[in-house]
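Notes for the structure review
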Amino acid sequence: SRVIKSGGRVCIFPEGMSSISGANQPVALGTGKLFKHHKVPVYYSVIRGGYLTSPKYNLKDRFGRVEVEFDQLFTPEDLERMTPDEIEGAINKAIYHDDYAWNRIHKHSYAIGENGAEHLEDLLFWCPKCGKQHTMRGEGNRFFCTACGNGMTLADTYEMIPFDGDCV
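Residues numbered from 1 in each chain as written. Predicted model: local features only at pLDDT ≥ 70, side-chain atom pairs only at ≥ 80, totals over all residues. Heavy atoms only, no water.

Re a nonpolar patch on the surface
Together, Y43, I47, V66, V68 and F70 line one region of the surface with nonpolar side chains, adding up to about 520 Å² of accessible area. Of all the secondary-structure elements, those providing two or more residues to the nonpolar patch are β1 (42-48) and β2 (67-74). For V68, the position within the fold is in strand β2. Since its relative accessible area comes to 57%, V68 is described here as exposed. (Patch = residues over 30% accessible without salt bridge, like charges linked within 9 Å, V, L, I, M, F, W, Y side chains within 5 Å. Areas by Shrake-Rupley, 256 points an atom, 1.4 Å probe, with all protein chains shown as cover. Salt bridge = Lys/Arg side-chain N within 4 Å of Asp/Glu carboxyl O. Helix = DSSP H or I, 4+ residues; strand = E, 2+ residues; numbered from the N terminus. Buried < 20%, exposed > 50% of the residue type's maximum accessible area, 1.4 Å probe, protein only.)

Structural notes on helix α2 (residues 31-38)
Those residues of α2 lying buried are T31, G32, F35 and H38. One face of α2 carries all of its buried residues, which in axial projection span an arc of 145°. In α2, those exposed residues whose orientation departs by more than 90 degrees from the buried face are K33 and H37. Among the structural elements, α1 (2-5), β1, β2, α3 (76-81) and α4 (84-95) are those in contact with the buried residues of α2. Where α2 terminates, the next one or two residues include K39, which has phi positive at roughly 50°. (Arc of directions from axis to C-beta. Contact = heavy atoms within 4.5 Å.)

Some remarks on the environment of F74
Within the secondary structure, F74 is located in strand β2. Here F74 falls in the buried class, since its relative accessible area comes to 3%. Through-space distance from the C-alpha of F74 to that of A90 is 9.3 Å; in sequence the pair is 16 residues apart. Leave out the neighbours within four places in its chain, and F74 touches F35, V40, P41, V42, L79, M82, I87, A90 and I91.

Comments concerning the sheet that holds strand β5 (residues 151-154)
Sheet strands associate in pairs through backbone hydrogen bonding, adopting either a parallel or an antiparallel arrangement. One open sheet holds the four strands; their spatial order is β3-β4-β5-β6, and the pairing between them is antiparallel. Bordering the open sheet on either side are β3 (136-139) and β6 (160-162), each of which pairs with just one other strand. Here the average twist between neighbouring strands, direction ignored, is 25°. One ladder, built from three bridges, connects strand β4 (residues 142-145) with β5; its direction is antiparallel. In the sheet register, F144 faces β5, and the bridge partner there is G151. (Pairing = 2+ DSSP bridges. Axes fitted to C-alpha atoms, helices over the stretch in contact; angles between N-to-C directions.)

And the structure:
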């Protein structure tokens, strides 16, 4: 409040955390009330592809395309007429992203190297074919179930290519 009252600018991350899975979380409760209280112009940005350069399951840097969208979301007048819940809903809609879904469309390549699937079991631990948990393993760019053999190869676009027609 002191920074805003003195004419300064404030940058916040309303999700409160970086992405665990490549998709964002909803904004923190109270964000709408905060914006409504201060009645200042609000801008937003959405970063697409950033998660794919360093996914949580394997923090090795992977160079690839990152796009940033930046625009004004609210004027002070918008905030005056909106409820806090409407403000939070509009923020959630504006900043929603899912890097995997985005890249399924754009097919940008990322430098995943020879270990793209290693530690993927930290995120995907359930086999979609046999239903067993904690039997999935990532080795190199291969990801498979140790119980039933179901598996895939991870492409540099993060596309999952099944080993064969029986794999799920």
